[in-house]
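Topology and contacts: notes
Next come the chains, spelled out residue by residue.
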Amino acid sequence: VLGVKHVASSSLDDIKGEINLAENEFQYIDTYCSERWGMFDIEPWLVDKDIEVEILHPSPAKQKEGFSELYSAIANERFKCPPIGYHGSKKKDILYEELETVETTSGKDWYGSPEKFKSGGIQDDCVFSIVWNIYGLRFKTVDDMQPRVGKDFLGEFIRNKDVYGSY
């Protein structure tokens, strides 16, 4: 996981802005996979940017396939993620809170948080976004990825002489 962003407004313009920021930071985006809710005009915009796009309906079969891949990655220690900068409903890290809560209902082919519709309940959107990112790469191999050439940047120091005190 390279980053998780919360777009509070849910506006497509703000989502597109975050995609542009990610594209600038990581040089390009391989694929974009998302549930179709709220994504009505993003596909042509992504295609114009040469980003492979998959907008899907989260059917039980697709959820099972996506969650199976996530669970496999975690079980085989291939899932790497730094702490997420967003708090969940009850814990400091929203992703780990959701990973501990999301479940499947036996015989119903349903995945999600049993608290999703409770006031203050633990949600499942962060986990689903990770699942769809993994699902969107299901036909990709290392050979499909373009090499990225990083830029060394160690930061900079700017002395602020306007601050008083000894720290």
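Heads up: the structure comes first, above all this text.
Residues numbered from 1 in each chain as written. Predicted model: local features only at pLDDT ≥ 70, side-chain atom pairs only at ≥ 80, totals over all residues. Heavy atoms only, no water.

This part covers the overall build of the protein. When helices and strands are counted, the protein shows five helices and four strands. Scanning the protein from its N terminus toward the C terminus, one meets helices and strands in the order α-β-α-β-α-α-β-β-α. By the burial criterion, 30% of the 167 residues in the protein qualify as buried. Considering only contacts in the protein between residues 6 or more positions apart, those separated by 24 or more positions represent 53%. (Helix = DSSP H or I, 4+ residues; strand = E, 2+ residues; numbered from the N terminus. Buried < 20%, exposed > 50% of the residue type's maximum accessible area, 1.4 Å probe, protein only. Contact = heavy atoms within 4.5 Å.)

In this structure, Lys16 sits in helix H1 (residues 12-26). If we ignore the near neighbours within four places in the chain, the residues touching Lys16 are Asp41, Ile42 and Trp45.

A few words on the packing of helix H3 (residues 60-75) against helix H5 (residues 125-136). At a closest axis distance of 9 Å, the pairing of H3 and H5 adopts a crossing angle of 90°. With respect to their mutual orientation, H3 and H5 come out roughly perpendicular. On H5, the residues that touch Lys62, Gln63, Glu65, Gly66, Phe67, Glu69 and Leu70 of H3 are Val127, Phe128, Ile130, Val131, Trp132, Ile134 and Tyr135. By residue class, the composition of the contact of H3 with H5 is nine nonpolar, two polar and three charged. (Axes fitted to C-alpha atoms, helices over the stretch in contact; angles between N-to-C directions. Parallel < 35°, antiparallel > 145°, perpendicular 65-115°, else oblique. Nonpolar A, V, L, I, M, F, W, Y, C, P; charged D, E, K, R; others polar.)

Our focus in this paragraph is the packing of aromatic side chains. Inspection of the entire model under this criterion finds five aromatic pairs. For the ring pair Phe67 and Tyr71, a centre distance of 5.9 Å and an interplane angle of 45° mean the geometry is tilted. Note that Phe67 and Tyr71 are positioned in helix H3 at a spacing of four residues, about one turn of the helix. Residue classification places Phe67 among the buried positions, given a relative accessible area of 0%. Note on Phe67 and Tyr111: the rings are 4.7 Å apart at their centroids and 10° apart in plane angle, and the pair reads as stacked. Within this pair, whereas Phe67 is found in helix H3, its partner Tyr111 is found in strand E4 (residues 110-112), the two being separated by 44 residues in sequence. Take Tyr111: its relative accessible area is 10%, and that puts it in the buried class. Here the basic side chain of Arg138 rests over the ring of Tyr135, its NZ or CZ set 3.8 Å away from the ring centre. (Phe/Tyr/Trp six-rings, centres within 6.5 Å; stacked < 30°, edge-to-face > 60°. Lys NZ or Arg CZ within 6 Å of the ring centre and 35° of its normal.)

With 16 residues, H3 should cover 22 Å at 1.5 Å per step; its first-to-last C-alpha distance of 22 Å lies within 8% of that length. All of the buried residues in H3 are Gln63, Gly66, Phe67, Leu70 and Ala73. Projection of H3 onto a plane perpendicular to its axis shows the buried side chains occupying an angular sector of 120°, all on one side. Within H3, the exposed residues directed more than 90 degrees away from the buried face are Ala61 and Ala75. The elements touched by buried residues of H3 are helix H4 (94-101), E4 and H5. (Expected span 1.5 Å × (residues − 1). Arc of directions from axis to C-beta.)

Attention now moves to the environment of Ile84. Position of Ile84 among the secondary structure elements: in the loop between H3 and H4. Distance in space between the C-alpha atoms of Ile84 and Ile94 is 6.8 Å, their sequence separation being ten residues. With sequence-adjacent residues up to four places away left out, Ile84 is seen in contact with Val4, Lys92, Asp93, Ile94 and Leu95.

We note that Gln27 has phi near 80°; this positive angle belongs to a residue other than glycine. For Gln27, the location among the structural elements is in the loop between H1 and strand E1 (31-35). One non-glycine residue with positive phi stands out, namely Glu77, at about 55°. In this structure, Glu77 sits in the loop between H3 and H4.

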